[in-house]
Amino acid sequence: MPLIEFTDKGLCCPQGQFYIDPWKPVPKAIITHAHSDHARGGHQYYLCHHDTKPLLQLRLGDNSYESIGWNANRVLNGVQVSLHPAGHMIGSSQIRVEYKGEVWVVSGDYKTEDDGISSAFEPVQCNTFITESTFGLPIYNWKPQSEIYQNIKDWIIQNCEEEKTSVLIAYSLGKAQRLLQPLAETGKKIFLHGAVWNAHQALVKAGWQLPEVERVWQDAPKEIYRGQVVIAPSSAESSTWIKRFSPYAIGICSGWMQVRGNVRRKNADAGFVLSDHADWNGLLQTVKATGAQKVFVTHGFQSAFSRYLNETGIESAEVKTEFGAEEDNEAIDQV
Ligand SMILES: [Zn+2]
Ligand SMILES: [Zn+2]
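The written sequence of each chain sets the order in which its residues are numbered from 1. Written order determines the labels here, with chains lettered from A and ligands numbered from 1. With the structure being a predicted model, the display of local features is reserved for residues of pLDDT at least 70 and the display and counting of side-chain atom pairs for 80 or more, all residues being used for whole-chain, interface and lining totals.

Asker: Mind showing me how you'd approach unusual backbone geometry here?
Answerer: Leave glycine aside and you will find that most residues have negative phi; peptide bonds, for their part, are mostly trans. The step from S246 to P247 runs through a cis peptide bond, and the omega angle for that step is 0°. Secondary-structure assignment places P247 in the loop between strand 15 (229-232) and strand 16 (248-253). Positive phi values are uncommon outside glycine, yet N77 reaches one of about 50°. Going along the chain from the N terminus, every DSSP run of H or I of four or more residues is numbered as a helix, and every run of E of two or more is numbered as a strand. Relative to the assigned elements, N77 resides in the loop between strand 7 (73-76) and strand 8 (79-85). Since 12 C-beta atoms lie within 10 Å of it, N77 is described here as exposed. For K100, which is not glycine, the phi torsion reads 50° and is therefore positive. Tracing the backbone through its elements, the reader meets K100 in the loop between strand 9 (93-99) and strand 10 (102-106). The class for K100 is exposed, based on 9 C-beta atoms found within 10 Å. Here a residue counts as buried when 20 or more other C-beta atoms fall within 10 Å of its C-beta, as exposed when 12 or fewer do, and as partly exposed in between; the C-beta atoms come from the backbone.

Structure, rendered in structure tokens:
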């Protein structure tokens with residue numbers, strides 16, 4: 001019996017009697033991170049990282065949650081479970097599962113570059129690695145975030161000179177918080193869409209010290225936004241909500257902006273290639289760093305990435321899951 005099986009309810013550890021990020025209700029769920037395709041409602045018990053818990057409470061309400069820190073061990077029916085930083089968003093964890101000397105690691109979503117707010121990614125040695133592949137094609141090749149941040153700041157300053165509001169479209173959980181520090185460095189006021197605000201408040205309540213922000217209010221005078229910065233989820237982009245900022249410029253922060261044409265297709269004024277997922281090289285380096293003899297590839301470009309691994313001598317197979325290509329469908333993350 002494999003340590004982790006792929007079932008119609010999700011990734012299951014039969015020996016430990018638990019699931020990881022299951023998409024159907026189960027008695028025991030271990031959750032990698034708070035994005036809605038990984039953290040679903042209806043489970044009887046949730047185990048997650050301390051930083052994930054307030055976000056699960058915000059999204060799923062009261063449940064039986066247990067949280068632990070990095071590297072702390074929990075034994076579930078003889079199976080040793082521990083959480084390790086995935087660098088994808090606040091609290092995001094890789095799940096390490098060990099039984100009788102055999103080790104499997106489930107990556108959840110991950111990014112290898114340290115964003116300063118999610119704990120920095122650490123590769124974990126294992127026999128079998130289950131990796132995401134959201135950007136698992138060689139065309140996805142990120143520039144250093146410092147360069148992207150500078151581009152965003154320059155764009156904001158230019159918009160301000162033209163008396164336009166800079167509306168940045170970013171995932172409300174993860175990307176939005178990551179952007180706050182570089183945005184604060186522009187000295188502009190930062191206004192948050194309600195969905196981003198809710199996530200922000202949950203984190204502040206949990207003790208996070210984040211740069212100062214204000215909520216976009218229904219009847220605030222239009223002038224207060226002039227030349228300032230707004231962070232909103234992608235659902236806001238095509239809504240009447242955004243009209244209040246007129247004149248404004250829209251900048252989309254997403255890994256998908258790497259593909260030319262997506263900026264135009266989305267009707268944006270600027271696209272910033274800023275992702276919370278590993279790029280092609282990040283995925284490859286991680287797979288190698290785990291030392292895994294067997295790699296299962298989930299959500300993303302799983303067939304291309306697993307084919308490449310097989311060609312380079314790393315035994316790999318693709319697995320179908322119900323996790324989403326979240327940077328493409330941010331509407332699912334309206335909290
Ligand atoms: Zn995610
Ligand atoms: Zn995912």
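Structure shown, so let's carry the discussion forward.
Asker: How do you make sense of the sheet that holds strand 11 (residues 128-133) when you look at a structure like this?
Answerer: A pair of strands counts as paired when DSSP detects no fewer than two bridges linking them. Across the sheet, which stays open at both edges, the seven strands sit in the order 7-8-9-10-11-18-19 with mixed pairing between neighbours. Each end of this open sheet is capped by a strand with a single partner; those strands are strand 7 and strand 19 (315-318). Sheet twist, expressed as the mean angle between neighbouring strand axes with direction ignored, is 25°. Two elements, strand 10 and strand 11, share three bridges in a ladder whose sense is parallel. Here, axes are lines fitted to C-alpha atoms. For helices the fit covers the stretch in contact, and angles between N-to-C directions go from 0 to 180 degrees.

Asker: Looking at this structure, how should I read the pairing of strand 7?
Answerer: Bridge count between strand 7 and strand 8: four bridges; the pairing is antiparallel. Directly across from R74, in strand 8, lies its bridge partner V81. Hairpin remark: strand 7 followed by strand 8, antiparallel, with two residues in the connecting loop; positive phi at N77, about 50°.

Asker: Explain the pairing of strand 11 to me, please; I cannot follow it from the model alone.
Answerer: For a regular strand, side-chain orientation follows a simple rule: the groups alternate between the two sheet faces. Of all six residues in strand 11, six are buried; the element is thus mostly enclosed. Taking every second residue as pointing to the same face, both faces of strand 11 are buried, with T128, I130 and E132 on one and F129, T131 and S133 on the other. As judged from the five bridges shared by strand 11 and strand 18 (residues 294-300), these two strands associate in the parallel manner. Residue pairing in the sheet places T128 in a bridge with K294 of strand 18.

Asker: When you look at the sheet that holds strand 1 (residues 5-7) in this model, what are you seeing that I'm missing?
Answerer: Strand-to-strand pairing in sheets goes through backbone hydrogen bonds, with the strands running parallel or antiparallel. Taken together, the six strands give an open sheet; going across it, the order is 1-2-3-4-5-6, and neighbouring strands pair in mixed fashion. At either margin of the open sheet sits one strand with a lone partner, and together these are strand 1 and strand 6 (65-68). Neighbour to neighbour, the strand axes of the sheet diverge by 30° on average, direction disregarded. With three bridges joining them, strand 1 and strand 2 (residues 10-13) adopt antiparallel strand pairing. Considered in strand 2, the bridge of T7 is made with G10.

Asker: Sorry, what's going on with the domain arrangement of the protein here?
Answerer: Interfaces are often described in size by the accessible area the parts lose on coming together. The domain boundaries here were taken from an automatic or database domain assignment. For the protein, the assigned domains read domain 1 (5-139 + 276-333) and domain 2 (145-272). For domain 1 and domain 2, the distance between their C-alpha centroids amounts to 28 Å. The contact rule is simple: place each C-beta atom from the backbone, and if two of them lie within 7 Å, those residues are in contact. Opposite the 21 residues of domain 1 that make contact, domain 2 presents 22 residues.

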